[in-house]
Amino acid sequence: MNSDNKKIKTSILLILIATAMLIGVLGYIFGLKRGRAENTDEASTEKTTTESVTTADSEEETEEITEEKTTEEKTTEAKKEDGKEDKEEKEDKEESKAGEGAIYVKVTSGAPWEKDGGYGFQCDVMIKNDSSSEYENWEIRVAGFKDAEIENIWNAEYKIEGDEIILTPVEFNKRIAAKSEYKDVGMIVNVKTKEDCKNIAKGGTLLVGGEVVAEADAAEKIREEKKQEREAKREPRPVEEGTPLDNHGKLSVKGTDIVDKNGEKYQLRGVSTHGIAWFPDYVNKDAFQTLRDDWGANMIRLAMYTDEGGGYCTDGDKDKLKSLVSDGVDYATELGMYVIIDWHVLHDLNPMKNVDEAKKFFEEMSSKYADNDNVIYEICNEPNGSTTWEDIKEYADIIIPIIRKNDKDAIIIVGTPTWSQDVDTVISDPVTGQENIMYAVHFYAATHKENIRSKAKAALDAGIPVFISEFSICDASGNGGIDYDSADEWMDFINENNLSYSSWSLCNKNETSALIAPECSKTSGWTDDELSETGQWLKDTISSK
Ligand code: IDC
């Protein structure tokens with residue numbers, strides 16, 4: 001019995017020990033699990049931040065992130081001072097830094113081609129993972145596919161659900177590794193109408209495990225939103241019966257306004273050619289007619305470079321250039337449009353450099369067009385370099401009397417220093433003893449903003465008439481991104497002050513300011529799809545109030 005009791009006691013003891021050990025082990029495992037769970041929470045917080053970076057349309061979100069960094073930087077600095085920055089903390093910091101990147105998805109669709117009575121286009125999808133997290137089992141949803149046919153697809157599986165196509169990985173791209181990029185997912189899509197092309201594949205959403213982690217390329221979305229905003233607030237300009245010239249006749253300057261033959265305020269809204277030496281094909285009657293009838297433009301500016309390669313005062317063919325100007329004026333006249341003859345000073349910096357050629361040119365032009373009510377002379381596009389208003393005025397005082405000898409009252413636009421940005425320099429010393437003189441302000445909305453508007457405002461307040469004879473909505477190089485907000489601010493300013501404007505430039509050069517899409521070779525009769533993004537914006541802008 002005794003030995004039995006001993007056995008029982010030993011067994012109980014063993015059971016107790018085992019239970020204690022089990023509790024210990026369970027506790028450990030549970031603790032580990034909790035730790036993991038907390039880590040997962042951290043990871044998902046990190047993902048949310050990543051997402052907000054990705055979809056950050058609002059400046060606030062971006063600012064928040066910058067602020068976080070600053071605090072982190074500050075803490076690091078303080079730690080450095082204390083000499084406390086140990087290895088572990090350093091690792092932590094590196095890890096969170098690495099985690100700051102975002103995951104992006106971009107959906108682009110190429111220009112459509114005609115096919116079997118419908119249209120085909122290529123759609124490319126790119127995923128870029130700048131973060132330190134790895135993603136698995138992704139899917140991308142892209143809208144507009146209800147009636148689309150997928151002719152061919154590469155590096156993804158697909159199914160169409162409702163209006164969306166759902167793209168999922170094939171074997172090799174299941175895992176999106178940290179700091180990686182997949183840009184070889186794409187497809188050939190067939191649709192029935194041009195309208196379908198407009199509504200398909202405009203953005204998309206990336207999901208991982210059913211959760212949205214990124215919205216497609218924000219730029220594309222913003223562009224669409226802006227277009228819709230414009231369309232919503234757009235009040236179409238009534239189509240004029242008869243031509244602008246028939247209705248408004250000879251223009252003159254009254255105060256800071258252009259007024260028409262009836263003394264009513266009038267606004268010229270037009271398009272500038274690129275250099276006519278380089279893009280002569282756009283000087284054609286059909287092109288001007290398209291701009292008049294489809295866009296509602298009432299003016300064309302003929303830009304003739306003076307000092308660049310092919311320019312009038314360098315190696316350009318003077319007769320050919322003059323006959324292009326003459327053709328341009330004729331087409332505008334036949335169509336009842338106003339026309340600016342622009343002596344496109346740029347590389348010459350100071351208009352005095354080629355003043356002798358300018359004298360001959362404007363003598364010839366003004367005697368030829370003395371009786372035209374629609375011709376406007378722009379005597380120096382953009383003086384720049386160290387050219388001062390005094391230099392320009394010296395030039396204007398030579399050229400204006402030459403024009404006036406023949407053409408008593410045409411509007412003459414005088415350029416201003418610093419690429420026609422410094423119109424405020426005119427205030428203290430404008431051209432005197434002459435009527436119908438205006439001063440150029442040029443802007444490129446992504447570069448020039450309130451700093452230039454305030455100069456224009458100062459000039460207007462001082463009674464100096466301003467003409468926006470050249471502008472675009474990209475940056476000053478004529479290229480780069482479009483700044484729609486700045487463009488809106490400029491258009492409000494322009495309309496509030498009844499300023500006339502013409503936009504750079506009528507050509508299909510592969511630069512943002514070109515109004516025609518680079519792949520379109522037509523020189524008139526463009527459909528909206530054949531316009532560049534700037535062209536579409538300008539058309540919407542001119543054709544609305
Ligand atoms: C640019 C053209 C570009 C051309 C260049 C030549 O867009 O294709 O190669 O001239 O120098 C201006 C000028 C205008 C510029 C334009 C964009 O009046 O001639 O055109 N710009 O840089 N002023 C500000 C911008």
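Because the structure is predicted, anything quoted here is derived from the model rather than measured. (Residues numbered from 1 in each chain as written. Predicted model: local features only at pLDDT ≥ 70, side-chain atom pairs only at ≥ 80, totals over all residues. Heavy atoms only, no water.)

(A) Here's a closer look at the overall build of the chain. Summing up its helical and strand segments, the chain has 14 helices and 23 strands in all. Burial statistics for the chain: of 545 residues in total, 45% are counted as buried. Contacts in the chain between residues at least 24 apart in sequence constitute 73% of all its contacts with a sequence separation of at least 6. On the chain, roughly 26,900 Å² of surface is accessible, and the fraction owed to carbon and sulfur atoms is 49%. (Helix = DSSP H or I, 4+ residues; strand = E, 2+ residues; numbered from the N terminus. Buried < 20%, exposed > 50% of the residue type's maximum accessible area, 1.4 Å probe, protein only. Contact = heavy atoms within 4.5 Å. Areas by Shrake-Rupley, 256 points an atom, 1.4 Å probe, with all protein chains shown as cover.)

(B) Representation of the environment of Ile200 in the model. Here Ile200 lies in the loop between helix 4 (194-199) and strand 11 (205-208). Remark: the alpha-carbon pair of Ile200 and Phe145, spanning 55 residues in sequence, is separated by 6.4 Å. In this view, Ile200 contacts Ser109, Phe121, Ala143, Gly144, Phe145, Ala148, Val189 and Val191; residues no more than four positions away in its chain are not counted.

(C) Representation of the pairing of strand 11 within the structure. What you see with strand 11 is no split at all: Thr205 and Leu207 on one side and Leu206 and Val208 on the other are buried throughout. As paired elements, strand 5 (residues 138-143) and strand 11 share four bridges and run antiparallel to each other. Within strand 11, the residue paired with Glu139 across the bridge is Leu207. As paired elements, strand 11 and strand 12 (residues 211-215) share four bridges and run antiparallel to each other. Paired with Val208 across the bridge in strand 12 is Glu211. In this structure, the hairpin formed by strand 11 and strand 12 is closed by a connection of two residues, where Gly209 is found at a positive phi of approximately 55 degrees. (Pairing = 2+ DSSP bridges.)

(D) Expanded view of helix 7 (residues 285-295). Of all the positions in helix 7, only Ala287, Phe288, Thr290, Leu291 and Trp295 are classed as buried. The buried residues of helix 7 occupy one face: seen down the axis, they fall within an arc of 155 degrees. In this fold, the buried residues of helix 7 make contact with strand 16 (269-275), strand 17 (299-305), helix 8 (318-334), strand 23 (501-506) and helix 14 (533-542). Positive phi shows up at Gly296, right after helix 7, with a value of about 85 degrees. (Arc of directions from axis to C-beta.)

(E) Highlighting the site of the ligand. Surveying the vicinity of the ligand reveals 15 residues, the closest of which are Tyr305, His344, Glu382, Lys509 and Glu511. The side chain of Lys509 places a nitrogen or oxygen atom 2.6 Å from an oxygen atom of the ligand. Relative to its free-state accessible area of 510 Å², the ligand is covered by the protein chains to the extent of 81%. (Near = heavy atom within 4 Å. Polar contact = N/O pair within 3.5 Å; in protein donor to acceptor, adjacent residues only side chain to side chain.)

(F) Focus on the nonpolar core. Membership of the largest hydrophobic core comes to 83 residues, with the highest contact counts inside it found for Trp343, Phe362, Tyr377 and Ile379. Ranked by the residues each element gives to this core, the list is headed by helix 10 (residues 389-406), at seven residues. In terms of nonpolar packing, the next biggest core, distinct from the first, is built from 32 residues, Cys123, Val142, Ala156 and Ile176 among them. (Core = buried A, V, L, I, M, F, W, Y, C linked by side-chain atoms within 4.5 Å.)

(G) View of the sheet that holds strand 13 (residues 252-254). In spatial order, the strands read 13-14-15; together these three strands make up an open sheet with antiparallel pairing. In this open sheet, the two edge strands, each paired with only one partner strand, are strand 13 and strand 15 (265-266). Examined bridge by bridge, strand 13 and strand 14 (residues 257-259) share three bridges and lie antiparallel to one another. Bridge pairing in strand 14 places Ser252 opposite Val259.

(H) Main features of the packing of helix 8 against helix 9 (residues 355-368). Running from N to C, helix 8 and helix 9 cross one another at 35 degrees; their axes reach a closest spacing of 12 Å. In terms of crossing hand, the pair formed by helix 8 and helix 9 is right-handed. Contacts from Lys318, Lys322, Val325 and Ser326 in helix 8 reach Glu357, Phe361, Glu364, Met365 and Lys368 in helix 9. Residues of the contact of helix 8 with helix 9, tallied by class, amount to three nonpolar, one polar and five charged. (Axes fitted to C-alpha atoms, helices over the stretch in contact; angles between N-to-C directions. Left-handed = near helix turned anticlockwise from the far one by under 90°. Nonpolar A, V, L, I, M, F, W, Y, C, P; charged D, E, K, R; others polar.)

(I) Looking closely at the sheet that holds strand 11. Within the open sheet, the five strands sit side by side as 7-8-5-11-12. Their pairing is antiparallel. The sheet is open, and its two edges are formed by strand 7 (157-161) and strand 12, each paired on a single side. Averaged over all pairs of adjacent strands, the angle between strand axes in this sheet comes to 25 degrees, irrespective of strand direction.

(J) Helix 9, seen in detail. Look at helix 9: 20 Å from first C-alpha to last across 14 residues, which is about the 20 Å you get at 1.5 Å a residue. Buried residues of helix 9: Val355, Ala358, Phe361, Phe362, Met365 and Ser366, and no others. Axial view of helix 9: buried residues confined to an arc of 120 degrees, hence all on one face. Relative to its buried face, helix 9 has exposed residues pointing more than 90 degrees away, namely Asp356 and Lys360. (Expected span 1.5 Å × (residues − 1).)

(K) Expanded view of unusual backbone geometry. Cis peptide bonds are those with omega within 30 degrees of zero, and the linkage from Trp504 to Ser505 qualifies with -10 degrees. A positive phi angle is found at Ser420, which is not glycine, with a value near 60 degrees. Take Ser420: its relative accessible area is 0%, and that puts it in the buried class.

(L) Local environment of the side chain of Asn436. The residue Asn436 is located in the loop between helix 11 (417-420) and strand 21 (437-444) in this model. Setting aside anything within four residues of it in sequence, one finds Asn436 in contact with Ser252, Val253, Arg404, Asp409, Ala410, Ile411 and Ile412.

(M) Fine view of the pattern of salt bridges. Within this structure, the stated rule accounts for 29 salt bridges. Close ionic contact of Glu151 with Lys115 constitutes a salt bridge, the shortest N to O distance being 2.0 Å. Taken together, the residues span a long stretch of sequence, with Glu151 in strand 6 (residues 149-154) and Lys115 in strand 2 (residues 113-115) at a distance of 36 residues. Its relative accessible area of 44% is what places Glu151 among the partly exposed residues. Judged by its relative accessible area of 23%, Lys115 is partly exposed. The partner of Glu470 in a salt bridge is Arg301, with the nearest N and O atoms 3.0 Å apart. Of this pair, Glu470 sits in strand 22 (residues 466-472) while Arg301 sits in strand 17, and the two are 169 residues apart along the sequence. Taken as a pair, Glu470 and Arg301 share a single burial class, namely buried. Salt bridges linked by common partners bring Arg301, Asp342, Glu378 and Glu470 together as one network. (Salt bridge = Lys/Arg side-chain N within 4 Å of Asp/Glu carboxyl O.)

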